[in-house]
Amino acid sequence: MLLDYHCGSELGWSDLFYFTNRRTDAQWAPKIAVFGDLGTVNAQSLPRLQHEVAMETIDAVLHVGDFAYNLDSVRN
């Protein structure tokens with residue numbers, strides 16, 4: 001089932017995002033990509049993950065590494 005989602009308020013709304021609900025039949029086994037470091041120098045993970053998602057060869061992505069490479073030096 002194709003579902004959509006967006007968030008916001010009277011101040012503005014995000015783009016509309018689409019996703020599919022998980023299958024529930026007994027024959028389905030999810031294909032999950034797990035990676036630990038997206039990287040900022042010579043990063044190669046994101047384009048490969050995007051390709052796999054576009055080809056529908058993986059069902060979910062689990063990131064188990066760092067997101068905050070510059071929290072010690074960048075302030076908002």
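Right above here is the structure, for reference.
Residues numbered from 1 in each chain as written. Predicted model: local features only at pLDDT ≥ 70, side-chain atom pairs only at ≥ 80, totals over all residues. Heavy atoms only, no water.

Chemist: Just checking my understanding: could you explain the overall build of the chain for this structure?
Modeler: When helices and strands are counted, the chain shows one helix and six strands. Listing the helices and strands of the chain from first to last along the sequence gives β-β-β-β-β-α-β. For the chain, the residues scored as buried account for 7% of the 76 residues in total. Sequence-distant contacts in the chain: of pairs separated by 6 or more residues, those separated by 24 or more amount to 47%. (Helix = DSSP H or I, 4+ residues; strand = E, 2+ residues; numbered from the N terminus. Buried < 20%, exposed > 50% of the residue type's maximum accessible area, 1.4 Å probe, protein only. Contact = heavy atoms within 4.5 Å.)

Chemist: What's the story with a nonpolar patch on the surface in this structure? I'm lost.
Modeler: Together, Ile 32, Val 34, Leu 62 and Val 64 line one region of the surface with nonpolar side chains, adding up to about 380 Å² of accessible area. For the nonpolar patch, the secondary structure elements donating two or more residues are strand 5 (32-37) and strand 6 (60-66). Tracing the backbone shows Val 34 in strand 5. (Patch = residues over 30% accessible without salt bridge, like charges linked within 9 Å, V, L, I, M, F, W, Y side chains within 5 Å. Areas by Shrake-Rupley, 256 points an atom, 1.4 Å probe, with all protein chains shown as cover. Salt bridge = Lys/Arg side-chain N within 4 Å of Asp/Glu carboxyl O.)

Chemist: Can you walk me through the layout of surface pockets in this structure?
Modeler: Any space left empty among the atoms is revealed by the rolling of a water-sized probe across them. There is about 490 Å³ of room inside the largest pocket. The wall of the largest pocket is formed by 14 residues, among which Phe 19, Thr 20, Ile 58, Asp 59 and Ala 60 lie closest to the centre. Looking at the lining of the largest pocket, the elements that each hand over two or more residues are strand 4 (17-20) and strand 6. At three residues, strand 4 tops the list of elements feeding residues into the lining of the largest pocket. Looking at the lining of the largest pocket residue by residue, the classes come out as eight nonpolar, two polar and four charged. (1 Å grid on protein atoms, 1.4 Å probe; cavity = no way out; pocket = protein on both sides within 12 Å on 5 of 7 lines; lining within 4 Å. Points joined across faces, edges and corners; volume = space filled by probe spheres on them. Nonpolar A, V, L, I, M, F, W, Y, C, P; charged D, E, K, R; others polar.)

Chemist: Would you mind going over the pattern of salt bridges with me for this structure?
Modeler: Oppositely charged side chains can form a pair if their charged atoms are brought close together. Per the counting criterion, the structure on display carries one salt bridge. When the shortest N-O distance is used, the salt bridge between Asp 59 and Lys 31 registers 4.0 Å. Highlighted residues: Asp 59 in the loop between helix 1 (45-54) and strand 6 and Lys 31 in the loop between strand 4 and strand 5, separated in sequence by 28 residues. Judged by relative accessible area, which is 42%, Asp 59 ranks as partly exposed.

Chemist: How do you make sense of the environment of Ile 32 when you look at a structure like this?
Modeler: Here Ile 32 is to be found in strand 5. Considering only alpha carbons, one finds Ile 32 and Ala 60, 28 residues apart in sequence, at a separation of 4.9 Å. For Ile 32, the residues in contact, after removing those within four places along its chain, are Ala 60 and Leu 62.

Chemist: I'm lost on unusual backbone geometry in this one. Help?
Modeler: A positive phi angle, near 60°, is found at Glu 56, a position not held by glycine. Here Glu 56 lies in the loop between helix 1 and strand 6.

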